[in-house]
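Coordinate inspection notes
As a plain string of letters, each chain reads:
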Amino acid sequence: MVKKTKKTTALAGALLLLIIFLTMYGAARQIVRVGADYPQTLIAEDLIHTLEGGGQLPVPTYTTDLEKDHGTFFMIYDATGKVLASSAALRGIPPAIPQGVLQKASSSGRTTLTWQPQGGVRLATIVMPLSISSSTGYVAVGRSLDDADALTHSLLLLILIAWIVAEVIWCGYWYLRE
């Protein structure tokens, strides 16, 4: 009976280690993803402040190719979702953000999302409503999630190695106790 209790305790400990390391990975992944929205929020707020303060629509001096570039981009839409200005292109054309995203931004004041305008292109994007005189519209700012995904993958490998080492130590401890 004592041996069975020891095995049960060892197994419970191994399972607890798994749960702890899975929780660490989930938390790390969430931190990386939320951090991927940081510069977009500031850029969107600056654009809105400039435009609502009487500034002109920005004229992009570069175009971010969303299939290849990881840079930050902006898009300004009118109330119907028509692109007014954009520093982003997908196959040479500014991508249209889904109407539901624009509606959510209107009702909540902003929305952040992982936008995938086509396979293989994942973007950390923030959309905020814009009011200029009697017109309304939206500012969308985003950037590729490729770097965040690479960091998440590296974190997964590190946490996996740490978990394996912890399990080996735990199992070795219980093996040597017997």
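What you see is a predicted model; the values in this text were computed from it and never measured.

Moving on, we get to the overall build of the protein. If you tally the helices and strands in the protein, you get 4 helices and 7 strands. Reading the helices (α) and strands (β) of the protein from amino to carboxyl end gives α-α-β-β-β-β-α-β-β-β-α. In terms of overall size, the protein is more extended than a compact globule, its C-alpha atoms giving a radius of gyration of 24 Å where 178 residues would be expected to give roughly 16 Å. For the protein, the spread of C-alpha atoms along the principal axes amounts to about 80 × 30 × 25 Å. In the protein, which comprises 178 residues, the proportion classed as buried is 35%. Here the protein has roughly 10800 Å² of accessible surface; of this, 64% comes from carbon and sulfur atoms. The positive charge centre, built from 14 side chains, and the negative charge centre, built from 13, are 16 Å apart in the protein.

An α-helical segment advances 3.6 residues per turn. Residues three or four places apart therefore align on the same side. When the terminal C-alpha atoms of helix α2 (residues 38-52) are compared, their 22 Å separation across 15 residues agrees well with the 21 Å that a helix rising 1.5 Å per residue should span. Taken together, the buried positions of α2 are Q40, T41, A44, L47, I48 and L51. All buried residues of α2 fall inside an arc of 135° around its axis, so they share one side. Looking at α2, the residues exposed on the side facing more than 90 degrees away from the buried face are Y38, D46 and H49. Looking at the buried residues of α2, the elements they touch are β2 (73-78), β6 (121-132) and β7 (135-144).

Here the protein averages 89 in pLDDT, and 97% of its residues register 70 or above. Here helix α1 (residues 2-35) stands out as the least confident element of the protein, with mean pLDDT 86; strand β4 (residues 88-89) is the most confident, with 94.

Pairing in this open sheet of 5 strands is antiparallel, and the strands run β3-β2-β7-β6-β5 from one edge to the other. The open sheet has two free edges, formed respectively by β3 (83-86) and β5 (111-118), since each of these has just one partner strand. In this sheet, neighbouring strand axes are inclined to one another by 30° on average, regardless of whether the strands run parallel or antiparallel. Pairing of β2 with β7 involves 6 bridges; the strand directions are antiparallel. Looking at the pairing, Y77 lines up with Y138 of β7. Of the strands in this sheet, β2, β6 and β7 touch α2, which is tilted by about 25° from β6.

Next up on the list: unusual backbone geometry. Backbone geometry follows two general trends: most residues other than glycine have a negative phi, and most peptide bonds adopt the trans configuration. Of note in the backbone geometry, R91 takes a positive phi value of approximately 60° without being a glycine. Relative to the elements of secondary structure, R91 occurs in the loop between β4 and α3 (99-108).

To continue, consider the environment of P117. Position of P117 relative to the elements: it lies in strand β5. As for P117 and L66, which are separated by 51 residues in sequence, their C-alpha atoms are 9.3 Å apart.

Looking now at the pairing of β2. Sheet faces and side chains relate simply in a regular strand, where the side chains alternate between the two faces. Of all 6 residues that make up β2, 6 are buried, and the element is covered over most of its length. Burial of the side chains of β2 extends over both faces: F73, M75 and Y77 are buried on one face and F74, I76 and D78 on the other. Pairing geometry for β2 and β3, over 3 bridges, is antiparallel. Paired with I76 across the bridge in β3 is A85. In textbook terms, the turn of a hairpin is the stretch between consecutive antiparallel strands, and for β2 and β3 this stretch comprises 4 residues, one of which, G81, has a positive phi near 95°.

Parameters at a glance
- Residues numbered from 1 in each chain as written.
- Predicted model: local features only at pLDDT ≥ 70, side-chain atom pairs only at ≥ 80, totals over all residues.
- Heavy atoms only, no water.
- Helix = DSSP H or I, 4+ residues; strand = E, 2+ residues; numbered from the N terminus.
- Rg over C-alpha atoms; globule rule 2.2 N^0.38 Å.
- Buried < 20%, exposed > 50% of the residue type's maximum accessible area, 1.4 Å probe, protein only.
- Areas by Shrake-Rupley, 256 points an atom, 1.4 Å probe, with all protein chains shown as cover.
- Lys, Arg positive; Asp, Glu negative; His and termini not counted.
- Charge placed at Lys NZ, Arg CZ, Asp CG, Glu CD.
- Expected span 1.5 Å × (residues − 1).
- Arc of directions from axis to C-beta.
- Contact = heavy atoms within 4.5 Å.
- pLDDT = per-residue confidence, 0-100.
- Pairing = 2+ DSSP bridges.
- Axes fitted to C-alpha atoms, helices over the stretch in contact; angles between N-to-C directions.

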